[in-house]
Structure formats: structure tokens, C-alpha cells
2 protein chains.
Amino acid sequence: MAMGRPREFDVDKALDLALQVFWSKGYEGASIADLTETMGITKPSLYSAFGNKEELFRKALDRYVDGPGGYFQVALAKPTIRAVVEHLLYESADAVTGPDHPPGCLAVQGALTCGDAAESIKQELVSRRAKGEQDLRERFERAIAEGELPQGSDAADLAAYLSAILQGMAVQAAGGTTREQVRKIAEMALRTWPPPPDLATV
Amino acid sequence: MAMGRPREFDVDKALDLALQVFWSKGYEGASIADLTETMGITKPSLYSAFGNKEELFRKALDRYVDGPGGYFQVALAKPTIRAVVEHLLYESADAVTGPDHPPGCLAVQGALTCGDAAESIKQELVSRRAKGEQDLRERFERAIAEGELPQGSDAADLAAYLSAILQGMAVQAAGGTTREQVRKIAEMALRTWPPPPDLATV
DNA sequence: TCACTTATCTAACGATCGGTAGGAAATTGG
DNA sequence: CCAATTTCCTACCGATCGTTAGATAAGTGA
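Presented here is an overview of the structure given in this document. Because the structure is a prediction, the values reported are computed rather than measured.

### Quick look at the overall build of chain A
Here's step 1: Of regular secondary structure, chain A possesses ten helices and zero strands.
Here's step 2: Along the chain direction, N to C, the helices and strands of chain A fall in the order α-α-α-α-α-α-α-α-α-α.
Here's step 3: Taking the principal axes of its C-alpha atoms as reference, chain A extends roughly 65 × 40 × 30 Å.
Here's step 4: Split into buried and exposed, the 202 residues of chain A put 51% on the buried side.
Here's step 5: Considering only intrachain contacts with a sequence separation of at least 6, the fraction spanning at least 24 residues in chain A is 68%.
Here's step 6: Element-wise, carbon and sulfur atoms account for 52% of the exposed surface of chain A, whose accessible area totals about 9200 Å².
Here's step 7: On chain A, the mean spot of the 22 positive side-chain charges and the mean spot of the 29 negative ones are 3 Å from each other.

This is the structure we're talking about:
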């Protein structure tokens with residue numbers, strides 16, 4: 001079946017290497033030269049296999065979400081809301097400080113700001129973060145309905161609050177904060193969890 | 001005294017405009033063309049007045065810290081630790097969603113990641129964030145010494161925790177989250193403040 | 001008025017950006 | 001062995017990057 005000259009590199013391995021570059025330098029900071037050098041392929045090979053820089057980033061992002069970022073969906077599937085939050089915090093702390101990949105979170109630092117040319121990538125990351133927060137919100141809604149959280153708790157607010165803490169941990173990690181220190185942030189957040197509903201608005 | 005042809009633009013106003021550009025696009029995303037266009041001056045004027053792109057950014061950053069970011073030091077000077085934390089959270093929520101400037105925080109989104117050429121700018125921002133966290137830590141140490149916080153509280157952990165929340169709020173704002181929603185994050189953080197010391201480590 | 005200083009502008013610099021033509025090399029099917 | 005197909009690489013594309021040379025204009029001090 002496979003006709004023509006066979007590809008000499010592993011597409012998935014190359015994509016993993018591209019992911020590392022985008023993760024550490026961001027979309028704009030990662031040049032095609034950076035990428036091809038790390039991936040061990042030439043520019044025409046990159047373009048033939050992945051389309052262009054933007055498509056390559058999107059494929060790397062998908063791979064990130066299913067790989068190093070996969071703990072997020074795993075955490076959401078935990079049986080109790082307490083376990084969900086615990087796993088999100090602890091796994092995030094470890095994920096953003098993993099020793100085998102760049103620090104931080106691709107969805108945060110891939111393009112938090114950018115020039116005009118990368119605007120659509122930035123929007124893609126905004127959407128991904130919003131999607132994660134939305135999934136979290138729905139999980140909280142279920143927990144409230146099942147009586148796992150106090151009456152009057154606002155699922156959207158809880159999701160925004162926890163998302164902010166996770167993103168803050170990612171910023172800290174991107175700046176070089178150690179795994180131990182980031183874990184302490186997670187522990188402190190957990191020590192106060194859940195924040196009680198705002199009685200003033202009930 | 002003033003010899004030579006007088007400058008035709010206001011350096012401080014031009015710097016404020018440059019700040020807006022760096023704030024919304026980040027260091028790498030802001031091109032010299034973007035900057036000169038917004039500042040209303042030509043490239044040679046920019047270079048003669050500000051040195052180069054890196055120096056311009058550092059000057060804009062100083063201006064940011066003393067201007068839109070000035071609430072941070074103001075908050076630290078509040079008399080009670082409760083007031084410090086309240087002001088940090090509320091003023092941050094408003095600052096990162098201010099209607100008269102780009103959303104988010106320059107110290108976070110100016111260069112969270114970048115290419116090799118901007119590495120020193122990224123480090124500068126890492127240092128600034130660390131400095132803010134250190135100032136906060138010292139304020140917490142004072143509060144603990146004065147009995148304003150529970151025995152066994154760890155000032156460094158509290159500072160890292162609060163810093164992460166503030167940075168998370170900045171990420172949310174950079175993604176377009178509304179002022180009302182960011183304020184709710186601040187309120188929730190305040191509702192659980194202060195996190196109790198970890199009894200397991202005492 | 002005339003040197004001196006500084007700011008202004010147009011026009012360009014070399015380097016790098018993302019992206020591609022075009023031909024040689026390696027495989028499959030006939 | 002030969003066409004067809006696909007990947008490989010070298011070399012190059014135009015555009016943009018940050019930065020500057022060089023000439024002109026507008027002030028000050030003598």
C-alpha cells in the first residue's frame with residue numbers, strides 16, 4: 001500500500017519534540033529553526049508533515065492535552081468532589097513542575113499575549129482554558145446537586161476560583177518555582193477548601 | 001540651558017503609549033513598527049530617546065510599577081494584615097480588568113515564555129514577581145510576629161499562595177474574563193482567608 | 001550671523017522570520 | 001527494469017525583524 005519513499009522520522013516523536021519547544025518558548029518565541037533543530041528534520045519535512053507553524057502548534061496542543069495535560073480530565077472523573085479537587089491541585093502541582101519537560105502549562109504560557117499574527121492561537125488557548133473551566137463548573141454543579149457541596153455554592157464561581165489557583169501555580173512554575181513550593185500552594189488551597197457560599201448573596 | 005533642536009514629543013506620554021503596546025502584546029509580540037505607530041514617532045526618534053527595544057521595555061515596566069501597578073505597594077502599607085490582603089485582592093481584580101488599559105498584568109504576560117533573544121526580559125519579570133512575593137512575605141512575617149496571624153503560619157507559604165491567586169486572576173483577565181467575575185475570585189479567596197497553618201508540620 | 005548641539009526624517013542595513021521550488025533519492029506496483 | 005509516488009535536501013523566496021547612517025531642520029550661545 002504505502003507508496004513512495006518512506007518517511008525517515010517518526011511523526012509522533014517529532015511532534016513530541018515540537019511540543020517541548022512550544023512549551024518552553026511559547027508559540028511566538030519558538031522559531032521554525034528552533035523547531036526543526038530540536039525535531040531533527042528539515043524545514044520542508046516539517047511543512048510536508050505538519051502543514052505550517054500554526055497547524056503544528058495545534059497538533060502539539062492536542063498532544064499536550066491528551067498527554068502531559070491528561071491529568072485534568074482524569075481528575076474530573078474522580079468519584080467525590082473532594083477527590084476531584086485534590087487530584088486537580090496535586091497533579092497540577094506536579095505537572096507544572098515535571099522534571100522531564102518544560103515548567104508551566106502550555107495552555108497558559110503558549111500565547112498569553114502575542115502580536116497580531118498569532119492572535120488566532122491566543123484565542124484557541126483562551127477557548128481551551130474556558131473549556132476546562134466549563135468542565136469543572138459542570139462537575140461542581142453535579143456535586144452541588146448531589147449534596148456534596150454546601151447549599152448556596154455557586155458552581156461557576158467555584159470553577160473560576162479553582163481555575164485561577166491552578167493558573168497561578170502554572171505562572172509560578174514557569175518562573176522557576178520548585179515543585180516543593182508549588183505543592184505547598186496546592187496544600188494551602190486544599191486546606192481552605194471548599195470556600196463557603198457568600199451568605200450576603202443568598 | 002537646553003541646547004539643540006527641541007524634542008517635538010512628550011517622552012513620558014510616548015512611554016505611556018509604549019507601555020500600552022507591551023501590555024497588550026507582550027515584549028516579543030510588540031514590534032518596533034507597532035510601537036512607533038502607537039507612540040506617534042519615527043524609529044530613529046524612538047531609538048534616540050529610549051535606547052533600544054529592551055531599554056524601552058524596562059522603562060515602560062518601571063512606569064507600570066509606579067503607575068497602574070502601584071496599588072501593590074500601597075496595599076502592603078495598610079495597617080492590618082487583613083486590610084493588606086483585602087486591598088491586594090480587590091485592587092488587583094480591578095487593576096487587571098481596568099477599562100482604560102489592556103487586561104491582565106504586565107509582569108505576568110510581558111514575557112511568561114519567549115525566544116532566546118528575550119530571555120533577559122523574561123528573567124527581569126521573574127525577578128520582579130519574586131520581589132513582590134518577597135515583600136509580601138516580609139509583611140506576613142511582621143503580621144505573624146505581631147500576632148495578627150495564627151501561630152505556626154508560614155509567611156513564605158502564605159506569600160506564595162496569595163501571589164499565585166493574584167497571578168491566576170491576571171491570567172483570567174488576560175483571557176477576557178470580566179471584572180465582575182474576577183472580583184468574585186477575589187471575594188472567594190478572601191472568604192477563606194487566612195488559610196490555617198498545616199498542623200501536620202507543627 | 002555663525003558655530004554648535006540635538007532632533008527630525010528618509011532610506012537603508014544585515015539578520016531572521018515563515019514558507020517553498022525544484023531536483024535527487026528511495027520505495028512500490030507492474 | 002521502469003513508471004509512479006512520496007520524501008529528502010539545498011537553496012532560495014519576499015516580508016519583517018531590530019537597528020542605524022546620513023542629511024536636514026530647529027533650536028542655543030557667542
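We are not done yet, so read on.
### Remarks on the relation of the copies chain A and chain B
Here's step 1: Of the transformation superimposing chain A on chain B, the axial component is 0.0 Å and the angular component is 180 degrees, with the fit at an RMSD of 0.1 Å. Overall, the copies show the geometry of a two-fold rotation axis. By C-alpha distance to the rotation axis, the residue of chain A lying nearest is G168 of chain A, at 2.0 Å.
Here's step 2: The share of interface residues of chain A whose copies in chain B are also at the interface is 100%, consistent with both copies meeting through the same surface.

### A closer look at the environment of P99 of chain B
All names here are of chain B.
Here's step 1: Within the secondary structure, P99 sits in the loop between α6 (81-95) and α7 (106-109).
Here's step 2: Residue P99 is classed as exposed on the basis of its relative accessible area of 70%.
Here's step 3: The sequence separation of P99 and R179 amounts to 80 residues, and the corresponding C-alpha distance is 9.1 Å.

### Notes on helix α9 (residues 155-174) of chain B
All names here are of chain B.
Here's step 1: Helix length check: α9, at 20 residues, gives a terminal C-alpha distance of 28 Å against a target of 28 Å (1.5 Å per residue), a fit within 8%.
Here's step 2: In terms of burial, α9 is largely enclosed, as 20 of its 20 residues are buried.
Here's step 3: Its side-chain oxygen 2.9 Å from the backbone nitrogen of A156, D154 forms the N-cap of α9.
Here's step 4: Of the residues one or two after α9, G176 is the one with positive phi, at around 100 degrees.

### Section: the interface of chain A and chain B
Here's step 1: Chain A puts 43 residues into the contact, and the matching count from chain B is 43 residues.
Here's step 2: Carbon and sulfur atoms supply 59% of the area that chain A and chain B bury against each other, a total of about 3600 Å² over both sides.
Here's step 3: On the chain A side of the interface with chain B, the three residues burying the most area are Y161, M188 and R191 of chain A, jointly 16% of the side's total.
Here's step 4: Where chain A touches chain B, the interface holds two salt bridges.
Here's step 5: In this structure, D116 of chain B and K25 of chain A form a salt bridge, with 2.9 Å as the shortest nitrogen-oxygen distance.
Here's step 6: On inspection of chain A and its partner chain B, the count reaches 17 residue pairs in polar contact (both at pLDDT 80 or more).
Here's step 7: No other element matches the 13 residues that helix α9 (residues 155-174) of chain A contributes to the side of chain A that touches chain B.
Here's step 8: Along the lines of polarity and charge, the residues of the side of chain A that touches chain B split into 19 nonpolar, 13 polar and eleven charged.

About the criteria used
- Residues numbered from 1 in each chain as written.
- Chains lettered and ligands numbered in written order.
- Predicted model: local features only at pLDDT ≥ 70, side-chain atom pairs only at ≥ 80, totals over all residues.
- Heavy atoms only, no water.
- Helix = DSSP H or I, 4+ residues; strand = E, 2+ residues; numbered from the N terminus.
- Buried < 20%, exposed > 50% of the residue type's maximum accessible area, 1.4 Å probe, protein only.
- Contact = heavy atoms within 4.5 Å.
- Areas by Shrake-Rupley, 256 points an atom, 1.4 Å probe, with all protein chains shown as cover.
- Lys, Arg positive; Asp, Glu negative; His and termini not counted.
- Charge placed at Lys NZ, Arg CZ, Asp CG, Glu CD.
- Least-squares fit on C-alpha atoms with pLDDT ≥ 70 in both.
- Expected span 1.5 Å × (residues − 1).
- Polar contact = N/O pair within 3.5 Å; in protein donor to acceptor, adjacent residues only side chain to side chain.
- Buried area = accessible area lost by both parts, 1.4 Å probe.
- Salt bridge = Lys/Arg side-chain N within 4 Å of Asp/Glu carboxyl O.
- Nonpolar A, V, L, I, M, F, W, Y, C, P; charged D, E, K, R; others polar.

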